[in-house]
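Working through the structure, step by step
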Amino acid sequence: MSRIITVGAAQMGAIQRADNRPAVVKRMVELMREAASHRCDLIVYPELTLTTFFPRWWMENQDDVDAFFEREMPSNETAPLFNEAAKLGIGFSFGYAELTPEGRHFNTALLVDKTGRQVGKYRKIHLPGHAEHEPWRAFQHLEKRYFEVGDRSWGVWNALGGNMGMMICNDRRWPESYRMMGLQSVEMILLGYNTPRHNPPAPDHDRLSEFHNQLVMQAGAYQNGTWVVGVAKCGVEEGCEMIGASSIVAPTGEIIGQALTQGDELIVARCDLDLTRSYKASIFNFEMHRQPEHYGRIVQQRGAVPPEGRSEG
Ligand code: CDT
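Here, residues in each chain are numbered from 1, in the same order as that chain's written sequence. With pLDDT at 70 or above as the cut-off, local features in this predicted model cover only qualifying residues; side-chain atom pairs require 80 or more to be listed or tallied, and sums for whole chains, interfaces and linings still use all residues. Only heavy atoms go into the side-chain values, all of them from the structure, while hydrogens and water stay out.

The protein carries the name N-carbamoyl-D-amino-acid hydrolase in an unreviewed UniProt entry, which gives Phreatobacter stygius as its organism.

Before going further, it helps to spend a moment on the packing of helix H1 (residues 21–37) against helix H3 (residues 79–88). Two numbers describe a pair of packed helices, the interaxial angle and the distance between the axes. Axis geometry follows a simple rule: fit a line to the C-alpha atoms, using only the stretch in contact for helices, then measure angles between N-to-C directions, giving values from 0 to 180 degrees. Only DSSP runs of H or I covering at least 4 residues are called helices, and only runs of E covering at least 2 are called strands; the numbering of each starts at the N terminus. Running from N to C, H1 and H3 point in directions that differ by 10°, and their axes come no closer than 9 Å. One element, H1, and the other, H3, form an angle in the roughly parallel class. For the pair formed by H1 and H3, the contact residues are Val25, Met28, Val29, Met32, Arg33 and Ala36 on the first element and Pro80, Leu81, Glu84, Ala85 and Leu88 on the second. Orientation is classified from the angle alone, with under 35 degrees giving roughly parallel, over 145 giving roughly antiparallel, 65 to 115 giving roughly perpendicular, and any other angle giving oblique. Here a residue-residue contact requires only that any non-hydrogen atoms of the pair lie within 4.5 Å.

Here the focus is the pairing of strand E8 (residues 188–193). Three exposure classes are used, based on accessible area relative to the maximum for each residue type with a 1.4 Å probe and protein chains only: buried under 20%, partly exposed in between, and exposed over 50%. Extensive coverage of E8 is indicated by the burial of 6 of its 6 residues. Side chains Met188, Leu190 and Gly192 of E8 all project onto a buried face; the interleaved residues Ile189, Leu191 and Tyr193 project onto the opposite face, where all are buried too. Across 5 bridges, the pairing between strand E7 (residues 162–168) and E8 is parallel. What sits directly across from Gly165, in E8, is Ile189. The path from the first strand over the helix to the second decides the hand: if it runs clockwise while the strands point away from the viewer, the crossover is right-handed. Of the crossover connections in this fold, the one passing from E7 over helix H5 (residues 175–182) to the parallel E8 is right-handed. Note that E8 and strand E9 (residues 227–232) share 6 bridges and pair parallel. Counterpart to Met188 in the pairing with E9 is Trp227. A crossover connection joins E8 to the parallel E9 through helix H6 (residues 209–224); in handedness this β-α-β unit is right-handed. Being paired, for any two strands, means DSSP has found at least two bridges between them.

In structure tokens form, the structure reads like this:
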């Protein structure tokens, strides 16, 4: 048996502060047309696709912050994307900064099916970075200041012929994100990211940025028997370099398609959702092999010391 979803991972190059939403949406529409020419069922865009990655700046005026947020979806500015998708009969997923009618701020991803129905919404749970101004950094990473932690867990939606889930950027480094969806029989995880190469508190990690990106997506895919579509916003944005390497990862854990550039680039793969079956039915048959009743006991009976208490000598 095979259940094929042809997916396009729409990596986006840098979006500068002066680039307005219509210009960004135009780039998204161009990638969407290219995806349609490859008969894609679904196109996936990055985290916070519509603007530059604004958490890199300390802003004191809330109006300046809110200018990066969307109060409605679709809006006049994003309508061309929704209209083009309906015309082409293609599903899509993208990330944006969401300002709710109640005034709440979330880092959000949306899934729209081929009929234009908004089937799923996810609000980022693992917000990295910091909440206060840290002037010693070349770039801030103020997600903890500008967003609330997502108010709902990871959902899985039956759409486009399969069980679809979403996570956002830093979520991909945490096994819990994949497993919460794995436990709901997810077959394809859509994931956008903005990852600066330089991590100021741990610069020794910088040379491993792409490796860690691949490591977590490949492990998450394999350990949950799911496809993972990881899509970057990358290139040099306002002087800050962000990694690319957008990847489509099979349930085998293998990367079957990867971007080569640091700019707008579409990678396309025919993904058989039935490839998830042998993993879900054998080595990762959760029903048969998981032992959650034995996971709850966190003990230090073997003398483990928390890192801050460890003697370096
Ligand atoms: N956008 C996002 O979540 N980026 C983080 C950067 C971590 S370093 C503060 C990531 O995990 O890629």
